[in-house]
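In case you want the letters, here they are:
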Amino acid sequence: MTRIMLLTTGGTIATTADDSGALVPTISGRELLASAGAALPEDISVTVRDLTRLDSSAITLSELDGIIAAVHADLADPDVDGIVITHGTDSMEETAIALDIFHDDDRPVVLTGAQRSFDHPSSDGVGNLVDAIRLAADPLSRRQGVLIAFGGWTIPARGASKRHTSELDAFISTTPREDRRPPALPVVPLAGTVVPIVTAWPGSGRELIDAAVTAGAQGIVVEALGSGNMGPEMGEGVAAAAESGIPVVITTRVPAGEVALAYGGAGGGATLASRGAHGSGFLRAGQSRIILAVALAGGYPIAEIL
């Protein structure tokens, strides 16, 4: 018998419409599991534990610490063969990479969720949940790190990105298959680490960078243009922040491709790299923020985690 732990956190997969039509998380883990019914193989035993019941846009670093702790606690049991986590799609990619950074176990951890509510007549939640449980129980999933099972696809945590607001195959990978997965790190608490994301635009000024510094940012992620560029004034603010000891990671608003930091000028990526900023490679803003938070919380060099 294969034993899977099902940890639930809320999200669309657990929502129903209230009297006004708004979707709110109301469904327990036991109800989710019961909805799978006979679709699950008889040789898989699933134990449910409800962690939170939140829209994933509300998950803070404190809740993320709790999810990480729950996974490590369950993997301390040698009889557990894998873990499935139901999660909202808004921040699934952030939770996935946070888990993966600290995942030092051969057994799989699989995240899933839904684009349609539990009470939608064509909900995708049950199918995704069954796929995730089957994936977590598959011996071929061992040593693959943390995975996302969604819309019929299996996506590695590192580089996962939500590509569409409503289509059922919501996630893609921005990272090439040959991209390395860094060694796992010891778990460190992330709560209290302040890392805002600031978006650049053509001709962007430095006021948002300066405001982030004044507000106590310990690190900053800039979602830049192209391969990692921004307006000259914003570039001057980024350079000043980096030179003052506040680490800055530059990513891009472009859906695919690598952040190259190749251009000159005050807002060009090459100039900012020479002033101490870091390029995010193939990772986008949400995952870059988590990596920078881990680096700050654990005292790790950013380049070793990116």
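- The name given to the chain in an unreviewed UniProt entry is asparaginase, and the organism recorded there is Corynebacterium testudinoris.
- Taken from UniProt, the Sequence similarities (unreviewed entry) comment for the chain reads in full: "Belongs to the asparaginase 1 family."

**A closer look at helix 2 (residues 61-75)**
Working step 1: With 15 residues, helix 2 ought to run about 21 Å at 1.5 Å a step, and its terminal C-alpha atoms sit 21 Å apart, in line with that.
Working step 2: Looking only at helix 2, the buried set comprises Leu61, Leu64, Asp65, Ile67, Ile68, Ala70, Val71, Asp74 and Leu75.
Working step 3: On its buried face, helix 2 sits against strand 1 (2-10), strand 4 (44-54), strand 5 (82-86), helix 3 (92-101), strand 6 (109-112) and helix 8 (285-298).

**A closer look at the nonpolar core**
Nonpolar side chains in soluble globular proteins tend to end up buried together.
Working step 1: Membership of the largest hydrophobic core comes to 48 residues, with the highest contact counts inside it found for Ile83, Ile85, Leu99, Ile101 and Val294.
Working step 2: Broken down by secondary-structure element, the contributors of at least two residues to this core are strand 1, helix 2, strand 5, helix 3, strand 6, strand 7 (146-150), helix 8 and helix 9 (302-305).
Working step 3: Both of domain 1 (2-173) and domain 2 (197-304) provide at least three residues apiece to this core.
Working step 4: Beyond its immediate sequence surroundings of up to four residues, isoleucine 101 is in contact with Pro183, Ala184, Leu185, Ile290, Ile291, Val294 and Ile305.
Working step 5: Core analysis: the second largest hydrophobic core is formed by 24 residues, Leu6, Ile44, Val84 and Val110 among them.

**Comments concerning the UniProt feature "binding site: substrate" (unreviewed entry) in the chain**
Working step 1: The feature "binding site: substrate" (unreviewed entry), as given by UniProt, occupies Ser56, Thr89 and Asp90 in the numbering adopted here. In sequence the annotated residues extend across 35 residues, while in space they remain close, none of their C-alpha pairs exceeding 6.8 Å.
Working step 2: Looking at the secondary structure, you find threonine 89 in the loop between strand 5 and helix 3.
Working step 3: The residues contacting threonine 89, other than those within four sequence positions of it, are Ser56, Ala114, Gln115, Phe150, Lys162 and Phe171.
Working step 4: Setting aside its immediate chain neighbours within four residues, aspartate 90 contacts Asp55, Ser56, Ser57 and Lys162.

About the criteria used
- Residues numbered from 1 in each chain as written.
- Predicted model: local features only at pLDDT ≥ 70, side-chain atom pairs only at ≥ 80, totals over all residues.
- Heavy atoms only, no water.
- UniProt positions renumbered as here; feature names shortened; annotations may be inferred.
- Helix = DSSP H or I, 4+ residues; strand = E, 2+ residues; numbered from the N terminus.
- Expected span 1.5 Å × (residues − 1).
- Buried < 20%, exposed > 50% of the residue type's maximum accessible area, 1.4 Å probe, protein only.
- Contact = heavy atoms within 4.5 Å.
- Core = buried A, V, L, I, M, F, W, Y, C linked by side-chain atoms within 4.5 Å.
- Domains from an automatic or database assignment.

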